[in-house]
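# Examination of the molecular architecture
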Amino acid sequence: MRILQLELKRLLKSRLTWILLALALVFSVLLAYLPASYCYSNYTDESGKAVNLTGPASIAFEKERQADCAGSVTPERVRAAVERYQACLAQYGVTESYDLPEGVYEQEILPIAPLLHGVKEAFADPDTGMAPALSTIDAQRLDDYYGVCEARLASLMAMEQADNSPAQRKAAQMYDRVEKPFEVYPGMSPTVMDYQNIMGFLVLLFCVVIAAPVFSGDYQSGADDILRCTKHGRRQLGLSRLAAAFLISAAAFIVCVIVYLLTANSLFGWECTKTSIQMVYSILTLADMDMGQLQRFFAVAGLLSVLASVSFTLFLSSRCKNTATSLAVALVFGIAPTVIYMTIPGTAAVWICSLLPASGTGIQTSVLYALTDFEFLKLGGLPVWTPYAMIGACVIEIPLFSFLALRSYCRHI
Amino acid sequence: MELQIDHVSKRFKDKNAVRNLSLSLTPGVWGLLGANGAGKTTLMRMIAGILPTTSGEVKYDGVPIETLGEKYRSVFGYLPQEFGFPQEFSVGDYLSYVAALKGLPPRKGRRRIQELLERVSLANVQHKKIARLSGGMKRRVGIAQALLNDPEVLILDEPTGGLDPGERVRFRNLLSEFAHDRIVLISTHIVPDVEYIATCHAVIKNGKLRATGTTEELVRLVEGKVWSCTVSSEEAPEYESRLSVASLRSEGDGRVSIRYLAERPCSADSHLVPPRLEDLYLWMFPQNGGENERRRERA
């Protein structure tokens, strides 16, 4: 325990560690504010003057405008919203909302927009996936809205996982377990989750930079020879170093994610976190979660990804003779999921991205995007949903690379 | 208490650094003498357990040090030839860190650190970052850390490099006091540093043990081979290139006194002088002149 304390003290004495931790905290607040700052609303006031609102003022305005939508997304309410939409378009003799006269969309359609989310997707053509115009949907069919959604999921999975019928069945089972009717509380933006992803990615990189010199720094400086000749200078020191790096990384990520979520949810409103993720992402999303649960689930997945990346970095650090090499290789692996996702097509990329430690909170490929996608890996005959594969890989990698790092450090010559 | 080096060899890719070396170290100060590349550091790293042997074993009281593991390391102190420190530490922080790794209880550790800082004259810089210390001060920090756990086996690889003459004297005194009932092995190029404090010496050349014994025993090997003569200063360079010269001293009247090693005197006015350990070192590890001469002699 004393060695762990001293090791923590040693890591925290480094100016670089403090700079990175401070930067992580600043980014957490900044990135939480940015999605709110992008919100934009406009309306015409009683005197006929156009009013533009941005940031928190816009969020508050939109919440008020869509307040009547809040609550359960029952088929009746969806049908009523679609009928109102269709009636509005019929009144003005148009087939698309963007053909409506100026101001009508804001007054008539936007207040019911949250309830219309996903309707076109649910009624998409089962063969082509093309979504119809809302004005062409038979409103009567909305009486069995969730049945339509289930049928659409089946046709979607038949397209996405054509040769993987176990995955199709698994997806149907998962969607069946999703609590319905969905809930919606206007105001939440999916950008909040995107920025949580970016925040997690930055903290991951910072933690990798902190962990990279843990072993290799002493190899490089020659301090290692003295330390490994001491009574506790091998296994116990190695374990303490692993524990110290994990504790600092975990603490940094947890603090940053708490700061981020407190800031973002305070700006967008805590009631928004009760919105079903199907009302923010695809209406067919397989996970049975609301936005708050998604935030927490993604935070835990991000933490596991950070710890897996740190574990891998510590392993590299125990193998490399200098800090520059361990840092360079660790950073390459940190950004590898993003690069692989963008450059390698098909199943190979899904497999690699699911297995790499940094995938959990990578840019463009992360547990967040996997959660809102319909990718399954075939593990033998077993269909494994990619978010579970990513989390499972991290859970295995944390102890595996820690063990290899310790072994490598103890045997270092 | 005995540290046995039992038929130890170390082979790197293209070089046999240590060849079938056996030596039994008993309590006292041992000087490990050898030229650069003789295998001293490799041998010390194997004794420290940070470099595995290719063959043979290092045993402490009859038990291989790998088997003893922590038990061996808890009675072991080591100062490598080249070493560094974690850059972020002050002197005091670093010694506290090493004391914890050596398993010293906090209170005892603090007391021992203060004691050693006084002994190596670093008490006034204990809050200073190690990175800001001079080379000599850093080496004294290294010496202090090696002594922290009051080790039974102390291995010091070139401990006096970078120390000024006063510091070297203080170091020798510290070691003389410390060495009682302990095994201390010091490798050095600076022969006088071990000549008077080492009870025994081991001479290593090309990875092989060439000689062991007390200073007196070893010095006897060059008895009758150390000569002194006086030549003109113009002749001195010629003598220097031809002979294994131990020292040159200007006599002030255009004459130079030369102390040299040779089987036979090089001039009629040469006379035998009492040998020293440094002479043995030069004899066994000749530089250009002496080597040429001995080659000629062998021929």
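I will try to describe carefully the structure that is included in this document. (Residues numbered from 1 in each chain as written. Chains lettered and ligands numbered in written order. Predicted model: local features only at pLDDT ≥ 70, side-chain atom pairs only at ≥ 80, totals over all residues. Heavy atoms only, no water.)

### What to know about the overall build of chain A
- Broken down by element type, chain A carries 18 helices and six strands.
- Seen along its three principal axes, the alpha-carbon backbone of chain A occupies a region of about 85 × 55 × 35 Å.
- Relative to its full complement of 413 residues, chain A shows a buried share of 56%.
- Counting only contacts in chain A whose residues sit at least 6 apart along the sequence, the fraction spanning at least 24 positions is 73%.
- Computing the positive centroid from 30 side-chain charges and the negative centroid from 35, chain A places the two 21 Å apart. (Helix = DSSP H or I, 4+ residues; strand = E, 2+ residues; numbered from the N terminus. Buried < 20%, exposed > 50% of the residue type's maximum accessible area, 1.4 Å probe, protein only. Contact = heavy atoms within 4.5 Å. Lys, Arg positive; Asp, Glu negative; His and termini not counted. Charge placed at Lys NZ, Arg CZ, Asp CG, Glu CD.)

### Points about helix α2 (residues 15–37) of chain A
All names here are of chain A.
- Between its first and last C-alpha atoms α2 spans 32 Å; for 23 residues at 1.5 Å apiece the expected length is 33 Å, and the two agree.
- Along α2, the residues classified as buried are T17, L20, L21, A24, S28, L31, A32, P35 and A36.
- Here the buried face of α2 lies against α1 (2–12), α3 (55–65), α10 (191–211) and α13 (235–268). (Expected span 1.5 Å × (residues − 1).)

### A word on unusual backbone geometry
- Residue P181 of chain A is reached from K180 of chain A by a cis peptide bond, and omega for that bond is 0°.
- With respect to the element layout, P181 of chain A can be found in the loop between α9 (165–177) and β4 (182–184).
- Phi angles above zero are rare outside glycine, and N20 of chain B is one such case at about 45°.
- Considering the arrangement of structural elements, one finds N20 of chain B in strand β2 (residues 15–25).

### Observations concerning the pairing of strand β6 (residues 76–79) of chain B
All names here are of chain B.
- Across the two faces of β6 the burial is the same, with F76 and Y78 and G77 and L79 all buried.
- In the sheet, β6 pairs with strand β7 (residues 153–157) via four bridges, with the strands oriented parallel. By the bridge assignment, F76 is partnered in β7 with V153. (Pairing = 2+ DSSP bridges.)

### Remarks on the sheet that holds strand β1 (residues 3–12) of chain B
Residues and elements named next belong to chain B.
- Read across the open sheet, the four strands follow the order β2-β1-β4-β5; overall the sheet is antiparallel. Across the chains shown, the open sheet's two edge strands, defined by having one partner strand only, are β2 and β5 (63–64).
- As defined by bridge partners, strand β4 (residues 55–60) adjoins β5 across two bridges and the pair is classed as antiparallel. Paired with Y60 across the two strands is V63, which belongs to β5.
- Most of the contacts of helix α1 (residues 40–48) go to β1, to which it runs at about 120°, and overall it touches β1, β2 and β4. (Axes fitted to C-alpha atoms, helices over the stretch in contact; angles between N-to-C directions.)

### Re the packing of α2 of chain A against α10 of chain A
All names here are of chain A.
- Running from amino to carboxyl end, α2 crosses α10 at an angle of 175°, the nearest separation of the two axes being 9 Å. Classified by the interaxial angle, the pair formed by α2 and α10 is roughly antiparallel. Within the contact between the two elements, α2 uses L16, T17, L20, L21, L23, A24, F27, S28, L31, L34 and P35 and α10 uses T191, V192, Y195, I198, M199, L202, V203, F206, V209 and I210.
- In terms of residue class, the contact of α2 with α10 is built from 18 nonpolar, three polar and no charged. (Parallel < 35°, antiparallel > 145°, perpendicular 65-115°, else oblique. Nonpolar A, V, L, I, M, F, W, Y, C, P; charged D, E, K, R; others polar.)

### Remarks on the interface of chain A and chain B
- Contacts between chain A and chain B engage 27 residues on the former and 31 residues on the latter.
- Roughly 2,600 Å² is buried in total at the junction of chain A and chain B, and carbon and sulfur atoms are behind 61% of that figure.
- The tally of links from chain A across to chain B stands at four salt bridges.
- Salt-bridge contacts for D93 of chain B lead to K9 of chain A; the nearest nitrogen and oxygen are separated by 3.5 Å.
- Applying the counting rule to chain A against chain B returns 13 residue pairs in polar contact (both at pLDDT 80 or more).
- Counted by class, the side of chain A that touches chain B contains eight nonpolar, eight polar and eleven charged residues. (Buried area = accessible area lost by both parts, 1.4 Å probe. Salt bridge = Lys/Arg side-chain N within 4 Å of Asp/Glu carboxyl O. Polar contact = N/O pair within 3.5 Å; in protein donor to acceptor, adjacent residues only side chain to side chain.)

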